[in-house]
Every structure is written in C-alpha cells, then in structure tokens.
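Chains, contacts and geometry: an overview
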Amino acid sequence: MHSPWLESWRRFRKNKLAVIGLGIISFFVIIAIIAPVLAPEGINDQKLAERLQSPSAGHWLGTDDFGRDILSRIIYGTRISLWIGTFSVLGSIIVGSILGILAGYYGRWVDTLISRAFDIMLAFPSILLAIAIVTILGPSLSNALIAIAIINIPNFGRLIRSKVLSVKQEEYIIAAKSIGMGDLRILFHHVLPNSMAPVIVQGTLAIATSILEAAALGFLGLGAEAPNPEWGKMLSDSRQFITQAPWTMVSPGIAIMLVVIGFNLLGDGLRDALDPRMKH
C-alpha cells in the first residue's frame, strides 16, 4: 500500500505542465542561491561611459542608465522576489491558519468576529489595501513584505475555516473529544494536519500573486528603494527609456513573467495531485 503523499507525487509527475513549472521555479531558486557566482559584475558597479548599451557579448542583457549590468541585477533581483513571495505567504499562512482554525473550531462569536474582519479586508482591492498599508508604515522592502502578508491573510483564513468546519465533524475528532483530549492537541494534531492540502496549493499560487504585488509596489515607488535590484523597481526606473533602450524594461518584465508562470503551473499541478477526486 502506498502512502497518500507518494500517490500524489506520482500523479504530479504525470502532469507535464506541473513538471515544467517545478523546473522553472527550481531554475530561479538555483540562480538565487549561487547569484554571486553567476553575476558577471557587481549590482551597483556604475560605468557611465557604458550607459544604455544594447545587449552584447560584454553585457548579455545590456546596461541601464547608470551603466550597470542588467544581467547581474536580474540575477540578484531573483533573491529579492523569491524572498518577498515566500516569506510574505508564510506569514499569511501562519496568521491566517490560526485565525481560521479558531473561527471554524469554536464558532459562535469567535467565528462571527473573525469572519467579519476577513470580509472587511476582502472588500478592498488587494493592491489598494497594500498601498494603504505601505503608505502608513513607510515605503521599504520589508514594509512591502508585511503589507503583502496582511492582505493575503483573509484568503488563507477563510480556506482553513471552511476545511475545519468539515473536519471537526469527523468521527475521529468526536472520539478524541470523548476521551478527554484537549482542544489544543486536537487542533494541532488532528485538525490542522488534515486541513493543509488546500493550503499548500493556495500558498503556491499566492507566491506568484505576491511577487506580482511586490513588483507593482516597487513600480509605484512604494517597495524596494534604490539601489536594490528589485524587478518592479527596475521596470519603474526604465520607463523613461522605453523607446531609447527597451531592453532595460524587457528583461525584468520577462523575469517576472517566467516566475509567475512557474508558480502558477506548479500550483495547478499540486491542486490536481492533492485532490482525491483527481485520483481516477
């Protein structure tokens, strides 16, 4: 008999698009890890005599308006984008899971209070809410991460709440209560582990969304500050050269597109692999 996770992995491997998505993400993760080895130049090495050079053997992706090598900045920018996407989603999952479990397990006024708070947050467009939070906290990369984490909390909270509402009616939960098992032990040993499959899928897809939101905040000047090589910030700095040096915008744009596509393909594959209804 095979474990459910092994069966899920086998279904995942049969999904060619999902494997491609995993390959894209693995490629960017490796780039982020060995960035100092891959980058041909320092990210802040300015050579004004070589500013706005088109792609060539010396600069594969060209140079920006300060003569900095775009390839090097794209490579180091991978670290920033993956860092923001991953840790903002982890923060959302942790807080959202706690609130969702409390709402779904205890119900009554606890559920009402938490659910109404989620409804209020979801009533605002996510990017506008992120802009408002960053405006209050102050423009910076860390504050952009916090803002992105906050706006994604309701999505995970409602997902966990709905799962907990169904799981807590299972016979093994009723049996655990009947033998005197405490609420915390039931929540963290039984309810939470059996509610994580949809969270894994949603988390993977949310990383793609978070990277886009971080790029949007950077483009608006509310995220990463100069001279950080964040892809959205690079797009913003290159706007005035779109006709004179279009390669300065094309490279970070393609990088954002590939990472987002990779996480979306991976998330779709995980959804199909972890959903028992897809087994047959």
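Quick note: structure is the one above.
Residues numbered from 1 in each chain as written. Predicted model: local features only at pLDDT ≥ 70, side-chain atom pairs only at ≥ 80, totals over all residues. Heavy atoms only, no water.

**Some words on the nonpolar core**
Ranked by internal contacts, the top residues of the largest apolar core, which has 48 residues, are Leu82, Ile186, Trp231, Val259 and Phe263. The element that contributes the greatest number of residues to this core is helix H12 (residues 247–274), accounting for 11 residues. Once residues lying within four places of it in the same chain are set aside, the contact partners of Trp231 are Phe28, Arg73, Ile74, Gly77, Thr78, Ser81, Pro252, Ala255, Ile256 and Val259. Ile80, Leu141, Ala147 and Ala214 belong to the second largest nonpolar core, which has 15 residues in total. (Core = buried A, V, L, I, M, F, W, Y, C linked by side-chain atoms within 4.5 Å. Buried < 20%, exposed > 50% of the residue type's maximum accessible area, 1.4 Å probe, protein only. Helix = DSSP H or I, 4+ residues; strand = E, 2+ residues; numbered from the N terminus. Contact = heavy atoms within 4.5 Å.)

**Quick notes on empty space enclosed by the protein**
Summed over the entire model, instances satisfying the criterion amount to one cavity of 30 Å³ or more. Here the largest cavity defines a volume of roughly 100 Å³. Considering the residues around the largest cavity, the lining is formed by Leu52, Asp64, Asp65, Arg68, Ile70, Arg73, Met234, Asp237, Ser238, Phe241 and Thr248. A class-by-class count of the residues in the lining of the largest cavity yields four nonpolar, two polar and five charged. (1 Å grid on protein atoms, 1.4 Å probe; cavity = no way out; pocket = protein on both sides within 12 Å on 5 of 7 lines; lining within 4 Å. Points joined across faces, edges and corners; volume = space filled by probe spheres on them. Nonpolar A, V, L, I, M, F, W, Y, C, P; charged D, E, K, R; others polar.)

**Quick look at helix H4 (residues 70–106)**
Between its first and last C-alpha, H4 extends 53 Å over 37 residues, near the 54 Å set by a 1.5 Å rise per residue. Here H4 starts with a cap whose side-chain oxygen sits 3.4 Å from the backbone nitrogen of Leu71, and that cap is Asp69. Backbone geometry just after H4 places Gly107 at a positive phi near 60 degrees. (Expected span 1.5 Å × (residues − 1). Polar contact = N/O pair within 3.5 Å; in protein donor to acceptor, adjacent residues only side chain to side chain.)

**What about the environment of Ser178?**
Assignment of secondary structure puts Ser178 in helix H8 (residues 171–178). Judged by its relative accessible area of 60%, Ser178 is exposed. Counting along the chain gives 101 residues from Ser178 to Gly77, while the straight-line C-alpha distance between them is 54 Å.

**A word on the environment of Ser26**
Position of Ser26 among the secondary structure elements: in helix H2 (residues 16–33). On a C-alpha basis, the gap between Ser26 and Gly262 in space is 9.2 Å, while along the polypeptide they are 236 residues apart.

**So, the pattern of salt bridges**
Scanning all chains against the criterion turns up eight salt bridges. As a salt-bridge pair, Asp64 and Arg73 come within 3.9 Å of each other at their nearest N and O atoms. In this structure Asp64 comes out as buried when scored by relative accessible area, which is 8%. Asp268 is the partner of Arg271 in a salt bridge, and the nearest nitrogen-oxygen pair spans 3.5 Å. Placement of the pair is Arg271 and Asp268 together in helix H12, with a separation of three residues, close to one helical turn. By relative accessible area, which is 30% here, Asp268 ends up partly exposed. One continuous salt-bridge network, built from bridges that share partners, spans Asp64, Arg68 and Arg73. (Salt bridge = Lys/Arg side-chain N within 4 Å of Asp/Glu carboxyl O.)

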